[in-house]
Amino acid sequence: MNSPEQLVEKNSPQHVAIIMDGNGRWAKKKGKIRTFGHKAGVKAVRASVSYALKNGVQVLTLFAFSSENWNRPAEEVGVLMELFKMVLGSEVKKLHKNDVRLNIIGDTSRFDSKLVSKIREAEELTENNDSLVLNIAANYGGRWDIVNAAKQLATQVHTGKIDVADIDEETFSRHTCAADLPAVDLLIRTGGEQRISNFLLWQIAYAELYFSEDFWPDFDEAAFQVAVDVFADRQRRFGKTSEQLS
Ligand code: IPE
Ligand code: IPE
Ligand code: MG
């Protein structure tokens, strides 16, 4: 049992990132086609946003589509794009009502113009909200993010705006996605695989990793709570010794 002091001291994550994996296997297990699983996954997105709002998570970053997911069958990619459009249409008002700021992180230049304008509208509508920042990573790749930051800095050096000596971890951070947000505290991956799959690389340097066997459509508020409880029991040492921290 924890003493009241220990309970008060327990860490809660400010920034949670989730690799929403396992939709296809969830559907297959039910004898359905993969895209049925993607549609079912929307409910779990709602549940995780709701959990974050109720429990003081400040930033929630969800991996919806990786830069490598274009390599899937065209039909599946097509359904995912349509679903993305549909969900933006149906959920944005509610997100706005709940004071959620929505950001899409990733290379949106490959999306069709209708989707890009829906993304812009949603971001503009919610830009002043501050109960929760919800980042949806779409056509996102951790390596792309780092290369993008390097390109921006190289351009600034080239045009004389900054010196090479001005580049440090903080300036570099500022040119990555989610620049002005706290670093990721907790990274959750559902679906049983234990890998990063080119999600946030720079931003998870000191994140706690939590792998769940649940397929994404089964992930609910109780499952989110379990991950947060596990996080609270971890000791984050950031290079120090346990003795220094106790
Ligand atoms: C995650 O579920 C959703 C996306 C990658 C878009 P998957 O579609 O990868 O499901 P599994 O891993 O094949 O079960
Ligand atoms: C990672 O899942 C991407 C998303 C959840 C959006 P994948 O299913 O694409 O990852 P791999 O291919 O199994 O590593
Ligand atoms: Mg997968």
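All values derive from a computational prediction rather than experimental measurement.

Chemist: Just checking my understanding: could you explain the site of ligand 2 for this structure?
Modeler: The environment of ligand 2 is made up of Ile-19, Met-20, Asp-21, Phe-63, Ala-64, Phe-65, Asn-69, Arg-72, Arg-189, Arg-195 and Ser-197. In the model, an oxygen atom of ligand 2 is placed 2.9 Å from a nitrogen or oxygen of the Asn-69 side chain. In this structure, an oxygen atom belonging to ligand 2 sits 3.3 Å away from a side-chain N or O atom of Arg-189. Ranked by the residues each element gives to the shell around ligand 2, the list is headed by strand S2 (residues 59–66), at three residues. The class makeup of the residues in the shell around ligand 2 is five nonpolar, two polar and four charged.

Chemist: In this structure, what is going on with the sheet that holds strand S1 (residues 15–19)? I would like to understand it.
Modeler: The pairing of strands in a sheet comes from backbone hydrogen bonds and takes either a parallel or an antiparallel form. On the basis of which strands lie adjacent, the open sheet formed by six strands has the order S3-S4-S2-S1-S5-S6 and parallel pairing. Two strands bound the open sheet, and with one partner strand each, they are strand S3 (100–105) and strand S6 (208–211). Within this sheet the neighbouring strands show an average axis-to-axis angle of 20 degrees, counted without direction. The sheet contact formed by S3 and strand S4 (residues 132–140) spans six bridges and is parallel. By the bridge assignment for S4, Leu-102 is matched with Leu-134. The strands touched by helix H3 (residues 34–54) within the sheet are S1, S2, S3 and S4, with S2 carrying the most contacts at an inclination of about 160 degrees.

Chemist: How should I be thinking about helix H6 (residues 142–158) in this particular structure?
Modeler: Because each turn of an α-helix spans 3.6 residues, side chains separated by three or four positions in sequence point in the same direction. The first and last C-alpha atoms of H6 sit 24 Å apart over 17 residues, in line with the 24 Å expected at 1.5 Å per residue. Restricting attention to buried positions, one finds in H6 the residues Gly-142, Asp-145, Ala-149, Leu-153 and Gln-156. Seen along its axis, H6 keeps its buried residues to an arc of 65 degrees; they face one direction. Opposite the packed face of H6, turned more than 90 degrees from it, sit the exposed residues Arg-143, Lys-151 and His-158. Those residues of H6 hidden inside the fold are in contact with S4 and helix H7 (169–174). Downstream of H6 by a residue or two, Gly-160 has a phi angle that is positive, lying close to 80 degrees.

Chemist: Looking at this model, I keep getting lost on the site of ligand 1. Mind explaining?
Modeler: With respect to spatial proximity, the complete set of residues near ligand 1 consists of Met-20, Asp-21, Gly-22, Asn-23, Gly-24, Arg-25, Arg-34, His-38, Ala-64, Asn-69, Arg-72 and Leu-80. A distance of 2.8 Å is found between an oxygen atom of ligand 1 and a side-chain nitrogen or oxygen belonging to Asp-21. A distance of 2.8 Å separates an oxygen atom of ligand 1 from a polar side-chain atom of Arg-34. Protein burial of ligand 1: of its 380 Å² of free accessible surface, 87% is covered by the chains. Counting residues per element, the ones that place at least two in the shell around ligand 1 are helix H2 (23–29) and H3. At three residues, the largest contribution of residues to the shell around ligand 1 is made by H2. Taken together, the residues of the shell around ligand 1 break down into three nonpolar, five polar and four charged.

Chemist: Hey, could you run me through unusual backbone geometry in this one?
Modeler: Peptide bonds are mostly trans, and most non-glycine residues show a negative phi. Here the phi dihedral of Ala-178 falls at roughly 60 degrees; this positive angle occurs in a residue that is not glycine. Note that Ala-178 resides in the loop between H7 and strand S5 (186–189).

Thresholds applied
Counting restarts for each chain: residues are numbered from 1 in the order of the written sequence. Chains and ligands are labelled by the order in which they are written, letters from A for the one and numbers from 1 for the other. With the structure being a predicted model, the display of local features is reserved for residues of pLDDT at least 70 and the display and counting of side-chain atom pairs for 80 or more, all residues being used for whole-chain, interface and lining totals. Just so you know, side-chain values use all the structure's heavy atoms and leave hydrogens and water out. Summary of the distance rule: residues count as near a molecule or strand when at least one heavy atom falls within 4 Å of that molecule or strand. Each polar contact in these results corresponds to two N or O atoms within 3.5 Å; when the atoms are within protein, one needs to be able to donate a hydrogen and the other to accept it, and residues that are neighboring in sequence are counted only if both atoms are side-chain atoms. Working definition: helices are DSSP H or I runs of at least four residues, strands are E runs of at least two. Numbering for both runs from the N terminus. When residues are grouped by polarity, Ala, Val, Leu, Ile, Met, Phe, Trp, Tyr, Cys and Pro land in nonpolar, Asp, Glu, Lys and Arg in charged, and all others, Gly among them, in polar. Two strands make a pair as long as DSSP finds a minimum of two bridges between them. Axis angles are defined between N-to-C directions and span 0 to 180 degrees, where every axis is a line fitted to C-alpha atoms and, for a helix, only to the segment in contact. Note on contacts: a residue pair qualifies if any of its non-hydrogen atoms lie within 4.5 Å across the two residues. A helix's residues, less one, multiplied by 1.5 Å, set its expected span. For every residue, the accessible area (1.4 Å probe, protein chains only) is compared with the maximum for its type, and the residue is labelled buried under 20%, exposed over 50%, or partly exposed between those bounds. Throughout, the arc means that of the directions going from the helix axis to the C-beta atoms. Methods summary: accessible areas were calculated by the Shrake-Rupley approach with a probe of 1.4 Å, and residue burial reflects only the protein chains presented.

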